[in-house]
Amino acid sequence: MSRSATNDAAGAWNGSSASATTAPGSDVQKPDSLLGFAWFLVKLVLAVLILRSFIFSPFSIPSDSMLPKLWQGDYFIASKWPYGYSRYSLPFNAPLIPGRILASAPKRGDVVVFKHPISQEDYIKRVIGLPGDTIGMVNGRVVLNGTPLAQEQAGNFAIPLTAIDGCPSGEWRERGLSGEPDCLIERSRETLPNGRTQSVLDFAMIPQDNMAPVTVPDDSVFVMGDHRDRSADSRFPAEAQLGVGMVPIVNLVGRAEFIVWSTDGSAEWIKPWTWFTAARWDRIGTGL
């Protein structure tokens, strides 16, 4: 006879009332059920932490510095394993990983998420220079190791004027049938030495369009935004809310992979149908 059965029999022999045990269908929850639910929540939190720390993590685009590839209002997934893991891979930058483990160098042209060297905020830019490279700028064109990167005109880039996308160049035209204004920015196609290409925007001459050559340190990368006139990147000294300087490789968080959601900013919480009308459906699933 089991112990529980023995206790039940003893209770019945001693005249114990039925209220001494939990009746079937009672709303009273057993302690082991509460413990089981708590353990489930612990496992769920651990699974999410592991996923976000070592596999994939979601991010959003708060500015237009990566136009035309990434638009303000895009939400994308970054893979965490391509460059190895450091404290910056973990939530709250927890100092549990010394240096960088399973490290691997980024490639030119990778779109990377990294922690700002000063503010520790998440930034996203494109890797242009690797350790040991020299980088300069002449009239808006990147000069890599003494050779200007190949560029060719790729026509104007048109982006609709919306609640979150302004028109930095001040140029706009009426869109044919809809009559909605579009912002036009001159676009070029830039080719890196490894054959990778990216579209870049440049609508004005700014001081950073000309820069004396600098050498990338052994432990860092030189990054730039694709919207060259609207990007505070490695052309600027590292300052909070401003430039990023040379980005230490240990600060790399992951590589941007694909867009999972995009909104033009016109949605309102009290109007659920606008959650769908504000979506940029054609951008969802775009690879990076």
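Structural data are supplied above this passage.
Let me sum up the structure you'll find in this document. Here the structure is a predicted model, which is why all the values come from computation and not from measurement. (Residues numbered from 1 in each chain as written. Predicted model: local features only at pLDDT ≥ 70, side-chain atom pairs only at ≥ 80, totals over all residues. Heavy atoms only, no water.)

**Some remarks on the packing of aromatic side chains**
Moving on, step 1. Within the structure shown, the criterion is met by 8 aromatic pairs.
Moving on, step 2. When the centroid spacing of 5.2 Å and the interplanar angle of 80 degrees are considered together, the rings of F56 and W81 count as edge-to-face. One end of the pair, F56, is in strand β1 (residues 56-60); the other, W81, is in the loop between β2 (74-79) and β3 (111-115), and 25 residues separate them in sequence.
Moving on, step 3. Between W269 and W275 the ring centres are 5.6 Å apart and the planes differ by 70 degrees, which places this aromatic pair in the edge-to-face class.
Moving on, step 4. Since its relative accessible area comes to 76%, W269 is described here as exposed.
Moving on, step 5. Judged by its relative accessible area of 36%, W275 falls in the partly exposed class. (Phe/Tyr/Trp six-rings, centres within 6.5 Å; stacked < 30°, edge-to-face > 60°. Helix = DSSP H or I, 4+ residues; strand = E, 2+ residues; numbered from the N terminus. Buried < 20%, exposed > 50% of the residue type's maximum accessible area, 1.4 Å probe, protein only.)

**Thoughts on the sheet that holds strand β15 (residues 252-262)**
Moving on, step 1. Spatial strand order, β1-β2-β15-β3-β4-β13-β14: 7 strands in an open sheet with antiparallel pairing. What marks the edges here is a single partner per strand, and that holds for β1 and β14 (247-248).
Moving on, step 2. Bridging between β2 and β15 involves 6 bridges; their strand directions are antiparallel. Bridge pairing in β15 links F76 to I259.
Moving on, step 3. The strands touched by helix α2 (residues 31-55) are β1 and β2; relative to β1, the strand with the most contacts, the crossing angle is about 80 degrees. (Pairing = 2+ DSSP bridges. Contact = heavy atoms within 4.5 Å. Axes fitted to C-alpha atoms, helices over the stretch in contact; angles between N-to-C directions.)

**Notes on the pattern of salt bridges**
Moving on, step 1. All chains considered together, the criterion is met by 11 salt bridges.
Moving on, step 2. D64 serves as the salt-bridge partner of R230, at 3.7 Å between the closest nitrogen and oxygen. Here the residue R230 occupies a position in the loop between β13 (220-224) and β14, and D64 occupies one in the loop between β1 and β2, the gap between them amounting to 166 residues.
Moving on, step 3. One salt bridge connects D122 with K115, and the closest N-O pair in it is separated by 2.8 Å.
Moving on, step 4. Under the relative-accessibility criterion, D122 is labelled partly exposed at 40%.
Moving on, step 5. Note on K115: relative accessible area 12%, which makes it buried.
Moving on, step 6. Shared partners join several salt bridges into a network, and the residues in it are D74, R280 and R283. (Salt bridge = Lys/Arg side-chain N within 4 Å of Asp/Glu carboxyl O.)

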